[in-house]
Amino acid sequence: MDKVISSAAAAVADIPDGASLAVGGFGLVGVPQVLISAILEQGATDLEIVSNNCGTAGFGLGVLLEQHRIRRTISSYVGENKEFARQYLSGELEVELTPQGTLAERMRAGGAGIPAFFTPAGVGTQVADGGLPLRYDGKGGIAVATRPKETREFDGVTYVMERGIVTDYALVHAWKGDRHGNLVYRRSAMNFNPPAATAGRITIAQVEHLVEPGEIDPGEVHTPGIHVQRVVHVGKVTVGIEKRTVRA
């Protein structure tokens, strides 16, 4: 039952080229940066990433992106990452854009064993009708586009079918965890970490505070240890400021 791994490097050592990863975090908050840095050092490439966004310049998934280690992403927000936009528009990166709530539910559904669900988000747009660019050709044209999705009417309202997401691995950040893998997230760092934790076949959690089994009140557990296979104690993590605004 002791799921603690000695180091981040050991925890990610078996992630192969071409693996799919669900990654928690939103902006700079709740990002499993230590695990991401370990993958950068480990060398895995051709990765498929499922995450709200793809990091920023020099931080989070941005460090893997800059080294061209990511082949495809399923994301809801391009954000402030200019390299992400450059690679996408130049045809170097395949991007499946998904509404933010839909992305969270796709991960949660996959973790719950639900293969698909219906949602009104995206109905009447290219999200449902198809035609969103998955990959550009580098010349301003579209090389690969999304296909139309199934729609169905319930009680007079049209919904689109979205598939649940299950990945080979998941990387998450938690404020506290015990040796059995029970996790507690802190404030806004909760964000996409809970659904990502359930979506991975093998979930690796970096935790700031490692405690013994029984020290976390069961009522305070956000992710039960049954979803977590590996725990890495990383100590206190400092969160940066994504966009600093000061007076002139």
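Described below are features of the structure shown in this document. Here the structure is a predicted model, which is why all the values come from computation and not from measurement.

**Some thoughts on the pattern of salt bridges**
Point 1. For the structure on display, the rule yields 16 salt bridges.
Point 2. One salt bridge connects Arg 71 with Asp 46, and the closest N-O pair in it is separated by 3.5 Å. Here Arg 71, found in strand 3 (residues 70-75), pairs with Asp 46, found in the loop between helix 2 (33-42) and strand 2 (47-50); they are 25 residues apart in sequence, far enough to count as distant.
Point 3. When its relative accessible area of 37% is taken as the criterion, Asp 46 is described as partly exposed.
Point 4. For Arg 108, the salt bridge goes to Glu 105, with nearest N and O atoms at 2.8 Å.

**Here we look at the packing of aromatic side chains**
Point 1. In the structure shown here, the tally under the stated rule is 4 aromatic pairs.
Point 2. Between Phe 26 and Phe 192 the ring centres are 6.5 Å apart and the planes differ by 20 degrees, which places this aromatic pair in the stacked class. In this pair, Phe 26 sits in the loop between strand 1 (20-23) and helix 2 while Phe 192 sits in the loop between strand 11 (183-184) and helix 7 (193-199), placing the two residues 166 residues apart along the sequence.
Point 3. An aromatic cluster is present here, built from Phe 118, Phe 154 and Tyr 159 joined pairwise through their rings.

**Some remarks on the environment of Ser 6**
Point 1. Tracing the chain through its elements places Ser 6 in the segment before helix 1 (8-11).
Point 2. Here the alpha-carbon distance between Ser 6 and His 233, two residues 227 residues apart in the chain, equals 8.1 Å.

**What to know about the pairing of strand 3**
Point 1. In terms of burial, strand 3 is largely enclosed, as 5 of its 6 residues are buried.
Point 2. Pairing of strand 2 with strand 3 involves 4 bridges; the strand directions are parallel. Bridging across to strand 3, Leu 47 finds its partner in Ile 70.
Point 3. Pairing analysis gives 4 bridges linking strand 3 to strand 4 (residues 94-97), with the strands arranged parallel. When the bridges of strand 4 are listed, Thr 73 appears paired with Val 95.
Point 4. A crossover links strand 3 with its parallel partner strand 4, the connecting element being helix 4 (residues 82-89), and its sense is right-handed.

**Some details on the sheet that holds strand 9 (residues 157-163)**
Point 1. Read from one edge to the other, the open sheet built from 3 strands follows the order 5-9-8, with strand pairing classed as antiparallel. Because the sheet does not close on itself, it has two edges, and the strands there are strand 5 (116-119) and strand 8 (151-154). When strand polarity is set aside, the average angle formed by the axes of neighbouring strands in this sheet is 40 degrees.
Point 2. Sheet topology note: the strand 8/strand 9 ladder contains 4 bridges and is antiparallel.

What counts as what
- Within every chain, residues take consecutive numbers counted from 1 along the sequence as written.
- Local features in a predicted model are, by the rule used here, given only for residues with pLDDT of at least 70; side-chain atom pairs are given and counted only at 80 or more, and totals for whole chains, interfaces and linings are based on all residues.
- Water and hydrogen atoms play no part in the side-chain values, which are based on all heavy atoms of the structure.
- Salt bridge, as used here: a side-chain nitrogen of Lys or Arg that lies within 4 Å of a carboxyl oxygen of Asp or Glu.
- Only runs of H or I of at least four residues qualify as helices and only runs of E of at least two qualify as strands under DSSP, and these elements are numbered from the N terminus.
- Throughout this description, buried means an accessible area under 20% of the type-specific maximum (1.4 Å probe, protein chains only), exposed means over 50%, and partly exposed covers the range between.
- Between rings of Phe, Tyr and Trp, where Trp is taken as its six-membered ring, a pair exists when centres lie within 6.5 Å; planes separated by under 30 degrees are stacked, by over 60 edge-to-face, and by other angles tilted.
- Note: two strands are recorded as paired if DSSP finds a minimum of 2 bridges between them.
- When the strands point away from the viewer, a crossover counts as right-handed if the route from the first strand across the helix to the second turns clockwise.
- Here the axes come from fitting lines to C-alpha atoms, over the contacting stretch only for helices, and the angles between their N-to-C directions go from 0 to 180 degrees.

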